[in-house]
Amino acid sequence: MNSPIRVCITGAAGQIAYSLIFKVANGEVFGIDQPLILQLLDITPMMGVLAGVEMEIRDCAFPLVQKIICTDDPTVAFEETDYAFLVGARPRSQGMERKDLLKANAQIFKQQGEAIDKKAKKTIKVLVVGNPANTNCLICQTCAPSIPPENFTSMSRLDHNRMISQLSERLNVNNDQIFNVIAWGNHSSTQYPDVSHAYVKKSSGEIQKIKEAVNDDNWIQNDFLVKNQQRGAEVIKARKLSSAASAAKAACDHMHDWVQGTSKDKKTWVSMSVLSDGSYGITKGIFYSFPVTCEDGKYSIVKGLEIDEFSRTKMDLTLKELTEEKEEAFTFLKI
Ligand code: NAI
């Protein structure tokens, strides 16, 4: 048996964590031979709820879970951490301005970045889920200068998965027959769901470009695009709560692929928000969702894809939003 790894999950008393913790504990991310120490962080008023979550984890009698630490102190939660899912964030309350939301979250992710810098293993891998995820990730990474910047990522996998699901429904194929969609940019309503490079493997074995298989540019550029951009709002309207199980599944997919690797032939990719290296004309120093492949615990941005004019406009729009978010959030931090 391997020695245990330390996995920190923040927002541990919340909705997403209520799915995520149990999937991680069951070996769905790090493997069924990998024992775990769970380090669960939430805020002080939620410690009672977190105690209930802890009881349920114990009652599952997971073979892999060696220890559970519940805390409201980030310096305890990030002690020697190998992997962190930063799910906890300040939600937008009624009447709250976007600026106030950015400000509240900037403080949270600054504090957590500093705790990671001081306490976590230098090899830690961090996935930020809490919104505004891309900008929160940038703040956290900036406040943890002793950790390599490539060890920070934020989540756009839910957008990626939503694209696959919509396309498989439209084309009447299984989800695993759709390849190489891309969610570009911010995890927000400006994200750009791009199918220009995507393809479908039909039951006959035939491979067809999504654009040809769908054969309806209007649907791709309007209905499909808007449905993806607005899917979160649609779920909230129906469920009266935001996406939780699908977000937890996406977080597991993201971390799983980062750690265990994507397809060996590097011909298929996933979407991940990572620090831009300037690829595709995206300003360096911004967490932007790109197509990536992963191998040996490292991601690489897929290079050289052709970008048409429609895509360029959409990619620039979401970049503009991220640039503004960055400027605004950093004024609160005086970084
Ligand atoms: P929730 O409100 O049910 O849970 C959030 C938890 O975070 C609460 O228990 C809260 O007390 C805790 N929290 C707040 N501040 C904290 C801090 N400083 N340290 C530790 N914990 C803290 O929310 P839910 O549904 O679990 O969503 C969590 C976040 O994930 C939200 O920001 C949501 O917008 C975001 N999200 C992101 C998605 C993505 O694709 N990137 C998809 C869906 C949700």
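Predicted, not measured: the structure shown is a model, and the values here were computed from it.

This brings us to the overall build of the protein chain. Scanning the protein chain for helices and strands turns up 10 helices and 14 strands. Expected size for 335 residues packed as a compact globule is a radius of gyration near 20 Å; at 19 Å, the protein chain falls within 12% of this value. C-alpha atoms of the protein chain, sized along the principal axes, occupy 55 × 45 × 40 Å.

The next thing to look at is the UniProt feature "domain: Lactate/malate dehydrogenase N-terminal" (unreviewed entry) in the protein chain. Within this structure's numbering, the places UniProt gives as "domain: Lactate/malate dehydrogenase N-terminal" (unreviewed entry) are residues 6-152. Between the C-alpha atoms that bound residues 6-152 the distance is 17 Å, and the span itself is 41% helix and 18% strand.

Within strand β1 (residues 5-10), 5 of the 6 residues are buried, which leaves the element mostly enclosed by the surrounding structure. Bridge analysis of β1 against strand β2 (residues 36-41) gives 6 bridges, and the strand direction is parallel. The partner of Cys8 across the bridge, within β2, is Gln39. One crossover worth recording links β1 to the parallel β2 by way of helix α1 (residues 15-25), and it is right-handed. In this structure, β1 lies alongside strand β4 (residues 83-86), joined through 4 bridges in parallel fashion. Of the residues in β4, the one forming a bridge with Thr10 is Leu86.

Here we take up the sheet that holds strand β11 (residues 207-209). Hydrogen bonding along the main chain pairs the strands of a sheet, whether they run parallel or antiparallel. Across the sheet, which stays open at both edges, the 3 strands sit in the order β7-β10-β11 with antiparallel pairing between neighbours. A strand with exactly one partner marks an edge of an open sheet, and here the two such strands are β7 (178-179) and β11. Across 3 bridges, the pairing between strand β10 (residues 199-201) and β11 is antiparallel. Paired with Tyr199 across the strands is Lys209, a residue of β11.

A separate point is the UniProt feature "binding site: NAD(+)" (unreviewed entry) in the protein chain. In the numbering used here, UniProt assigns the "binding site: NAD(+)" (unreviewed entry) feature to Asp42, Asn105, Val129, Gly130 and Asn131. Topologically, Gly130 is positioned in the loop between β5 (125-128) and α5 (133-142). Owing to 25 C-beta atoms within 10 Å, Gly130 belongs among the buried residues under this scheme. Filtering out sequence-adjacent residues up to four positions away, Gly130 remains in contact with Gly11, Leu86, Val87, Gly88, Ala89 and Asn136. Relative to the helices and strands, Asn131 resides in the loop between β5 and α5. Ignoring sequence-local partners within four residues, the contact set of Asn131 consists of Ala89 and His187.

This next bit is on the site of the ligand. Taken together, the neighbourhood of the ligand is formed by 28 residues, with Gly11, Gly14, Gln15, Ile16 and Gly88 sitting nearest. Sorting elements by how many residues they give to the shell around the ligand places α1 first, with 3 residues. No fewer than three residues from each of domain 1 (5-154) and domain 2 (157-325) sit in the shell around the ligand.

All right, on to the environment of Val7 then. By the element assignment, Val7 lies in strand β1. The class of Val7 is buried, set by 23 C-beta atoms lying within 10 Å. Between the C-alpha atoms of Val7 and Ile68, which are 61 residues apart in sequence, the distance is 9.9 Å. Discounting residues that sit within four places of it in the chain, Val7 has contacts with Val24, Leu36, Leu38, Gln39, Asp82 and Tyr83.

Here the focus is unusual backbone geometry. A cis amide bond links Asn131 to the next residue, Pro132, at an omega of -5 degrees. Note that Pro132 resides in the loop between β5 and α5. Here Asn215, not a glycine, exhibits a phi torsion of approximately 55 degrees, which is positive. Checked against the element boundaries, Asn215 lands in the loop between α7 (210-214) and α8 (217-239). The backbone phi angle of Asp296 is positive, close to 50 degrees, even though this residue is not glycine. Take Asp296: it is sitting in the loop between β13 (287-295) and β14 (298-301). On the basis of neighbour counts, which here come to 6 C-beta atoms within 10 Å, the residue Asp296 falls in the exposed class.

This part is about the packing of helix α4 (residues 98-119) against α5. Relative orientation of the contacting elements α4 and α5 amounts to 35 degrees, with a least axis distance of 7 Å. As for the relative orientation of α4 and α5, their crossing is right-handed in sense. Two secondary-structure elements touch here, α4 through Leu102, Asn105, Ala106, Phe109, Lys110, Gln112, Gly113 and Ile116 and α5 through Thr135, Asn136, Ile139, Cys140, Gln141 and Thr142. In terms of residue class, the contact of α4 with α5 is made up of 6 nonpolar, 7 polar and 1 charged.

Compared with an ideal rise of 1.5 Å per residue, which puts 15 residues at 21 Å, helix α6 (residues 157-171) spans 21 Å between its outermost C-alpha atoms and is within 8% of the ideal. Of all the residues in α6, the buried ones are Arg157, Leu158, Asp159, His160, Asn161, Arg162, Met163 and Leu167. Two residues or fewer after α6 comes Asn172, characterised by a positive phi angle close to 55 degrees.

Conventions we followed
Residues numbered from 1 in each chain as written. Predicted model: local features only at pLDDT ≥ 70, side-chain atom pairs only at ≥ 80, totals over all residues. Helix = DSSP H or I, 4+ residues; strand = E, 2+ residues; numbered from the N terminus. Rg over C-alpha atoms; globule rule 2.2 N^0.38 Å. UniProt positions renumbered as here; feature names shortened; annotations may be inferred. Buried ≥ 20, exposed ≤ 12 C-beta atoms within 10 Å, placed from the backbone. Pairing = 2+ DSSP bridges. Right-handed = clockwise from strand over helix to strand, strands pointing away. Contact = placed C-beta atoms within 7 Å. Near = placed C-beta within 6 Å. Domains from an automatic or database assignment. Axes fitted to C-alpha atoms, helices over the stretch in contact; angles between N-to-C directions. Left-handed = near helix turned anticlockwise from the far one by under 90°. Nonpolar A, V, L, I, M, F, W, Y, C, P; charged D, E, K, R; others polar. Expected span 1.5 Å × (residues − 1).

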